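Examining the three-dimensional arrangement
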Amino acid sequence: MPHTADVAIEAWGRDLPELFVHAAQGMLSLAVTVEPGATVTASREVSLEAPDWEALLVDWLNELLALQDEHGETYVAFDVSLSAPGQLRAHLQATQAYRLNVAIKAATFHNLAIRHDERGYRTVVVFDV
Amino acid sequence: MVAKKDFRRLTAFLWEAPATARPGMRVPARIYADDRLLEAAMDDRSLEQLVNTATLPGIVKYALAMPDIHQGYGFPIGGVVATRLPSGVISPGGVGYDINCGVRLLTTRLHEEELRPHLERLMGALFHDVPSGVGRGHAQALSQKEMDQVLERGAEWAVSHGYGSREDLEHTEERGSMQGGDAGAVSERAKTRAKDELGTLGSGNHFLEIDVVDRVFDPEVAQRFGLEEGTVVVWIHSGSRALGHQVCTDYVRELQAAGQRYGIQLPDRELACAPLDSPEGKRYFAAMACAANYAWANRQMMTHLARQAFERVLAGQVRDWHLTLLYDVAHNIAKIEEHTVDGERLRLCVHRKGATRAFGPGHPAVPDRYRDLGQPVLIPGSMGSASYVLVGTETAMQETFGSTCHGAGRVKSRHAAKRGVSGQALRQKMEREGIVVRTESLGDLAEEAPEAYKDVDRVVEVVHQAGLARKVARTRPIGVMKG
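This is a predicted model, so every value here is computed, not measured.

**Remarks on the overall build of chain B**
- When its secondary structure is counted, chain B shows 16 helices and 19 strands.
- Since a compact globule built from 483 residues should have a radius of gyration of about 23 Å, the 21 Å found for chain B is in line with a globular shape.
- Contacts spanning at least 24 positions in sequence make up 77% of the contacts within chain B whose residues lie at least 6 apart.
- A total accessible area of about 16300 Å² is found for chain B, and carbon and sulfur atoms account for 47% of it.
- For chain B, the centre of its 60 positive side-chain charges and the centre of its 62 negative side-chain charges are spaced 3 Å apart.

So this is what it looks like as structure tokens:
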């Protein structure tokens, strides 16, 4: 999406867990290119808690950026479950066969709102790159 | 929404939106720009972001924007916000994720024609020695103890380990070592992520450039700064790497919770902030100072690596290859400073997000060597275009809390820049102009194409004409290394 300084993605999902998975996939598709035929080299568990869904989404995306950096891997499969109020548990599958495209510094809260309509959930996340 | 009609022209280069322009504003919003730059600022949401910052509790006088303003995330890039101690707020978003992103300039006595025969080899040596690029910038890992020392001592730690001289520290903002850092305020995750990044350039708009002084505007000041027409200089533009990113990420969240406790209402959550005298505000300041110190140590380490590369390639080939640090400035930082506001001396927290400190003559923070002239102000252009050296002024002290612009300012998104020009074509264009280019990724090169930025000559002309810093010299690149 156009944004002068940085990069923004629009993500949607039929439900909140799908929105969280799509946002993660969108962010990582900017950040890395996974090699064809990459195999899963590790799995990770993530557990997060935040006061609201927007903060949980930002925490989730920033958690992935930090984990990626710490372990020198990226994530190719996500199993996300959410429970109110603002709790996330996820199981990630990681691979080390990838190339970094862009160093994303962080997912930001800038004008962040998760919107709900009859088709599901939708949001725009702005990243500092 | 803010519109151009909300801004009234005060002088040829200064526009103001009154505090009544939008509900919640505590002070007017001001932008330094000519007509064209103001129009450019209207094209994105940067002025709306500027107006949002005018709502921050404790803000003094004005929310300020420099002519290189462009859209950020929360605060605009090119913004200055000063809040009053003790209870005004500090905001991590007012500093940004790359804490103490900044630039330093090294001068030489080498003339372009002496260097030309060795330029390819020198760029190769720099590219080899200074780690750069996405995910490639690895250096030797610091131990936990070393990391804590770097965070609290900054460039002084690097110099005490043999990576530079005391004179380098004299010529660095805050002497490269900001007081008030507490490594205990920095998360383990931030330290872990950055343990092998000290002395690395990074990616994005960061660069190491060899330039030649091609114009001198103020011969007396230029001579005192060691800048002579035709001589070679080196620019290093980098920041605090993943350490700063993680500190900002951690504290945007922490200060959101704190802000709610203190009853702070904000138009955008990315403006999260807490009073300077609150435990949360103090803790962020201590962590931010650590990240700033990491960045100063980082640029100092790269200076050492650049000096080694110069020595290896040029010793015995040219008469003098030495690199002397002219100055080093931060352009993403919050500082506690004293300023005179309406005749009263106040202690303020000056947030400079994409803005450069530009203290005038006589200020005690200006190094001895330059004190009678004013602080050297370093304005890097976009990759492949000219850069500027200016000097701080008394006008900046009176109007902008001693601040000026920081660079060219983006007008195109990174994506749009990539669509407009290929990295290969850009490289060929620069090489036709006699610029030696070294980069990891041609895509990254295209993102930083000069066309993606405002015209640095125009931006600098505005701050010069408005008196926010005075032009001293201009440099043009002959060797570009991009992360």
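**Details of the packing of aromatic side chains**
- All told, the structure shown has five aromatic pairs over all chains when counted by the stated rule.
- Where Trp60(A) meets Phe78(A), the ring centres are 6.2 Å apart and the plane angle is 75°; that geometry is what we call edge-to-face. Of this pair, Trp60(A) sits in helix α2 (residues 53-71) while Phe78(A) sits in strand β4 (residues 74-83), placing them 18 residues apart in sequence. Each member of the pair, Trp60(A) as well as Phe78(A), carries the same accessibility label: buried.
- With 5.0 Å between their ring centres and 80° between their planes, Phe225(B) and Tyr370(B) make a pair best called edge-to-face. Note that Phe225(B) is positioned in helix α9 (residues 219-225) and Tyr370(B) in the loop between β14 (356-357) and β15 (376-379), a separation of 145 residues in sequence.
- Using a relative accessible area of 3% as the deciding quantity, one classes Phe225(B) as buried.

**Digging into the environment of Asn62(A)**
- Looking at the secondary structure, you find Asn62(A) in helix α2.
- In this structure the C-alpha to C-alpha distance between Asn62(A) and Ile104(A), which are 42 residues apart in sequence, comes to 9.5 Å.
- The contact partners of Asn62(A), leaving out residues within four places of it in the chain, are Ala106(A), Ala107(A) and Thr249(B).
- A distance of 2.8 Å separates the side chain of Asn62(A) from the backbone nitrogen of Ala107(A), its partner in a polar contact.

**Side note on the pattern of salt bridges**
- Tallied over the entire structure, the rule returns 46 salt bridges over all chains.
- With a closest N to O distance of 2.5 Å, Arg14(A) and Glu18(A) form a salt bridge.
- Salt-bridge contacts for Arg261(B) lead to Glu280(B); the nearest nitrogen and oxygen are separated by 2.7 Å. Taken together, the residues Arg261(B) in helix α10 (residues 241-261) and Glu280(B) in helix α11 (residues 279-314) connect sequence positions 19 residues apart.
- Arg261(B) gets classed as exposed once you look at its relative accessible area, which sits at 56%.

**Comments concerning the interface of chain A and chain B**
- Chain A puts 33 residues into the contact, and the matching count from chain B is 33 residues.
- For the pairing of chain A and chain B, the buried interface totals around 2700 Å² over both sides, and the portion due to carbon and sulfur atoms is 51%.
- In this assembly, chain A and chain B are joined by five salt bridges.
- One salt bridge in this structure joins Arg193(B) and Asp69(A), with 2.7 Å as the shortest N-O distance.
- Those elements that place two or more of their residues in the side of chain A that touches chain B are α2, β7 (106-107) and β9 (120-128) of chain A.
- No other element matches α2(A), which puts 10 residues into the side of chain A that touches chain B.
- In terms of residue class, the side of chain A that touches chain B is built from 16 nonpolar, seven polar and 10 charged.

The rules behind each value
- Residues numbered from 1 in each chain as written.
- Chains lettered and ligands numbered in written order.
- Predicted model: local features only at pLDDT ≥ 70, side-chain atom pairs only at ≥ 80, totals over all residues.
- Heavy atoms only, no water.
- Helix = DSSP H or I, 4+ residues; strand = E, 2+ residues; numbered from the N terminus.
- Rg over C-alpha atoms; globule rule 2.2 N^0.38 Å.
- Contact = heavy atoms within 4.5 Å.
- Areas by Shrake-Rupley, 256 points an atom, 1.4 Å probe, with all protein chains shown as cover.
- Lys, Arg positive; Asp, Glu negative; His and termini not counted.
- Charge placed at Lys NZ, Arg CZ, Asp CG, Glu CD.
- Phe/Tyr/Trp six-rings, centres within 6.5 Å; stacked < 30°, edge-to-face > 60°.
- Buried < 20%, exposed > 50% of the residue type's maximum accessible area, 1.4 Å probe, protein only.
- Polar contact = N/O pair within 3.5 Å; in protein donor to acceptor, adjacent residues only side chain to side chain.
- Salt bridge = Lys/Arg side-chain N within 4 Å of Asp/Glu carboxyl O.
- Buried area = accessible area lost by both parts, 1.4 Å probe.
- Nonpolar A, V, L, I, M, F, W, Y, C, P; charged D, E, K, R; others polar.

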